[in-house]
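Given next are the chains, with one letter for each unit.
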Amino acid sequence: MVSDIYGQTATSSDVTYTTVSFPTITSVSASESDGALTSSVDLSVTATGASPFTYQWYEGSSILSGKTSASVTVNVSDSSATMHTYTVIVKDKYNQAVTSSSVTYTTHSFPVVSVSASPTEGALISTVTLTADVSSASNVTYQWYEGTSAIEGATTSEVSFTVNDETATIHTYHVVVTDVYDQSVTSTNVNYSTVNRPVISSVSASPTEGGLENTITLTTSATGLDVTYQWYEGSTALTGKTSSTVTVSVSDITSTLHTYHVDVKDKYNQTVTSSNVTYQSYPLPTVSVTANKTDGALSSTVQLSASVSGHGITSYQWYEGSSAISGATTQHYDIQIDDEETTSHVYHVVVTDKYDQRATSDNVTFKSYGAPEISAISATPNEGALVNTVNLSVTAQ
């Protein structure tokens, strides 16, 4: 109502003024709740009220410059795991503002991985187990490498496989671990070394031949890692013969060729077999003796002869009875007999071969006889006619 100075009044028509409520935020969200240290997240808000709306996004209490839309993308680049908290202030056309609830986006550190090999050393053909221990991550994937080459199928935290080398080799392995956020980390290297088989440089027997009964020294020289030895005769292990140098005894009945070898084994059970060495045993010599005559005068020369078979006869020694005849050391020996009366001489010979094996012959006998003795002589008759027959008789021994 309006009045003038004259007291006149007038009433206007009605006018209205309407107040508007603050905007209502119906949703606020992040496209992901977790991600990599370097990643991005989409933030969205939905509001009702007096539009058009203006928006300002915040991280904590800090304004995110340029993030003034209902939907924004925020890039993060963290050095360690971080929880980011975001809110948005929405204003309507009357500048009435409302702040959203917070949404979070958490970044995760790269996986931490340590690796080991078990064992770290082995035979040329052997099995190695590689193990990766991962912390700060779960649900990771694995890819193992030798050098720069991915090992096919080696995609678990623990893998085992066989190496088959010709010569000693150092194998270098690592693993690439990738988490669910596609963050990958490469482990340090771990080595597995293969070791060459033992090498036998020599094997020998001393002596290499000899008598039926003998002791032989077998020797080998080998290089390798913590080697052990086992000697064999043929295919039979010689009990207790487990050193680089051993002695073995032979006691044969007949000539025999003994064949020996040694197996050399290292700490990883890698075994090499030596070439063969031999010992040839030879039988005792055999000997028979003869005399060129078995009887004769008190003064006679007798030739004694030995017929011998054997391996390398080195000496002869003739005996009369049990006494060695001085100087009688040849295969054929002439002995001078000078007896005073009838005597039987008994001879034998002992022969020795190069292996000091001895054989004694059977005996051979020579008997010397003294001159005959005439005990009686007679003529019958002892006298008679000019023409007559006379019987002469003699008795001798």
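In this report, we go over the structure that sits alongside the text. These numbers were taken from a predicted model, which means no experiment stands behind them. (Residues numbered from 1 in each chain as written. Predicted model: local features only at pLDDT ≥ 70, side-chain atom pairs only at ≥ 80, totals over all residues. Heavy atoms only, no water.)

## Remarks on the overall build of the protein chain
Part 1 of the reasoning: Looking only at helices and strands, the protein chain has zero helices and 40 strands in total.
Part 2 of the reasoning: When its C-alpha atoms are laid out on the principal axes, the protein chain stretches across 250 × 30 × 25 Å.
Part 3 of the reasoning: Across the 397 residues in the protein chain, those meeting the buried criterion constitute 35%.
Part 4 of the reasoning: In the protein chain, the share of contacts with a sequence separation of at least 24, taken over all contacts with a separation of at least 6, comes to 59%.
Part 5 of the reasoning: Surface accessibility of the protein chain: about 23100 Å² in total, with carbon and sulfur atoms responsible for 48%.
Part 6 of the reasoning: If you average the places of the 11 positive and of the 36 negative side-chain charges in the protein chain, the two averages end up 4 Å apart. (Helix = DSSP H or I, 4+ residues; strand = E, 2+ residues; numbered from the N terminus. Buried < 20%, exposed > 50% of the residue type's maximum accessible area, 1.4 Å probe, protein only. Contact = heavy atoms within 4.5 Å. Areas by Shrake-Rupley, 256 points an atom, 1.4 Å probe, with all protein chains shown as cover. Lys, Arg positive; Asp, Glu negative; His and termini not counted. Charge placed at Lys NZ, Arg CZ, Asp CG, Glu CD.)

## Focus: the sheet that holds strand 8 (residues 71-77)
Part 1 of the reasoning: In spatial order, the strands read 3-5-8; together these three strands make up an open sheet with antiparallel pairing. Of all strands in the sheet, those with a lone pairing partner are strand 3 (24-30) and strand 8, marking the two edges. Across the sheet, the mean angle from the axis of one strand to that of its neighbour is 20°, orientation sign disregarded.
Part 2 of the reasoning: With six bridges connecting them, strand 3 and strand 5 (residues 38-48) associate as antiparallel partners. By the bridge assignment, Val28 is partnered in strand 5 with Val45. (Pairing = 2+ DSSP bridges. Axes fitted to C-alpha atoms, helices over the stretch in contact; angles between N-to-C directions.)

## Brief notes about the sheet that holds strand 17 (residues 158-164)
Part 1 of the reasoning: Pairing in this open sheet of three strands is antiparallel, and the strands run 12-14-17 from one edge to the other. Each of the sheet's edge strands pairs with one partner strand only, and the pair in question is strand 12 (112-118) and strand 17. Each neighbouring strand pair of the sheet contributes to a mean axis angle of 20°, computed without reference to strand direction.
Part 2 of the reasoning: The pairing of strand 12 with strand 14 (residues 125-135) spans seven bridges and is antiparallel. Looking at the pairing, Ser118 lines up with Thr129 of strand 14.

## A word on the pairing of strand 18 (residues 170-178)
Part 1 of the reasoning: Most of strand 18 is tucked away, with seven of its nine residues classed as buried.
Part 2 of the reasoning: With six bridges connecting them, strand 15 (residues 141-146) and strand 18 associate as antiparallel partners. Residue pairing for strand 18: Tyr145 is matched across the bridge by His174.
Part 3 of the reasoning: In terms of strand pairing, strand 18 meets strand 20 (residues 190-195) through four bridges, oriented antiparallel. When the sheet's bridge partners are listed, His171 is paired in strand 20 with Tyr192.

## Overview of the environment of Asp252
Part 1 of the reasoning: Mapped onto the fold, Asp252 is located in the loop between strand 26 (245-251) and strand 27 (256-265).
Part 2 of the reasoning: Distance from Asp252 to Val15, taken between C-alpha atoms, is 142 Å for residues 237 residues apart in sequence.
Part 3 of the reasoning: Excluding residues that lie within four positions of it along the chain, Asp252 makes contacts with Leu212, His258 and Ser281.
Part 4 of the reasoning: Within the structure, Asp252 has its side chain in polar contact with the side chain of His258 (distance 2.8 Å). (Polar contact = N/O pair within 3.5 Å; in protein donor to acceptor, adjacent residues only side chain to side chain.)

## Quick notes on the packing of aromatic side chains
Part 1 of the reasoning: Taken as a whole and assessed by the stated rule, the structure comprises two aromatic pairs.
Part 2 of the reasoning: Centre to centre, the rings of Phe161 and Tyr173 are 5.4 Å apart; their planes meet at 70°, and the pair counts as edge-to-face. One end of the pair, Phe161, is in strand 17; the other, Tyr173, is in strand 18, and 12 residues separate them in sequence.
Part 3 of the reasoning: Classification of Tyr173 by relative accessible area gives buried; the value is 0%.
Part 4 of the reasoning: With a centroid separation of 5.7 Å and an interplanar angle of 0°, the aromatic rings of Tyr282 and Tyr355 are classed as stacked. Highlighted residues: Tyr282 in the loop between strand 29 (277-281) and strand 30 (286-291) and Tyr355 in the loop between strand 36 (343-353) and strand 37 (358-360), separated in sequence by 73 residues. The same class applies to Tyr282 as to Tyr355, namely buried. (Phe/Tyr/Trp six-rings, centres within 6.5 Å; stacked < 30°, edge-to-face > 60°.)

## A word on the side chain of Ser300
Part 1 of the reasoning: When you line up the elements, Ser300 lands in strand 32 (residues 299-309).
Part 2 of the reasoning: Exposure remark for Ser300: the relative accessible area of 6% places this residue in the buried category.
Part 3 of the reasoning: Excluding anything up to four places from it in sequence, Ser300 contacts Lys293, Ile335, Gln336, Ile337 and Phe366.

## A few points about the pattern of salt bridges
Part 1 of the reasoning: A full pass over the atoms with the stated rule returns two salt bridges.
Part 2 of the reasoning: When the shortest N-O distance is used, the salt bridge between Asp356 and Arg358 registers 3.3 Å. (Salt bridge = Lys/Arg side-chain N within 4 Å of Asp/Glu carboxyl O.)

## Focus: unusual backbone geometry
Part 1 of the reasoning: The residue after Ser118, namely Pro119, is reached through a cis peptide bond having omega -5°.
Part 2 of the reasoning: As for its placement among the helices and strands, Pro119 is situated in the loop between strand 12 and strand 13 (121-123).
Part 3 of the reasoning: Here the bond from Ser206 into Pro207 is cis, since omega is -5°, no more than 30 degrees from zero.
Part 4 of the reasoning: Of note, Asn139 is a non-glycine position whose phi angle comes to about 55°, a positive value.
Part 5 of the reasoning: Position of Asn139 among the secondary structure elements: in the loop between strand 14 and strand 15.
Part 6 of the reasoning: Its identity is not glycine, yet Asp356 carries a phi of approximately 65°, on the positive side.

## Description of the side chain of His258
Part 1 of the reasoning: Positionally, His258 belongs in strand 27.
Part 2 of the reasoning: His258 has contacts with Glu233, Val250, Asp252, Val277, Thr278, Tyr279 and Ser281, leaving out every residue within four places of it along the chain.

Functional significance is not addressed by these values, which are geometric in nature.
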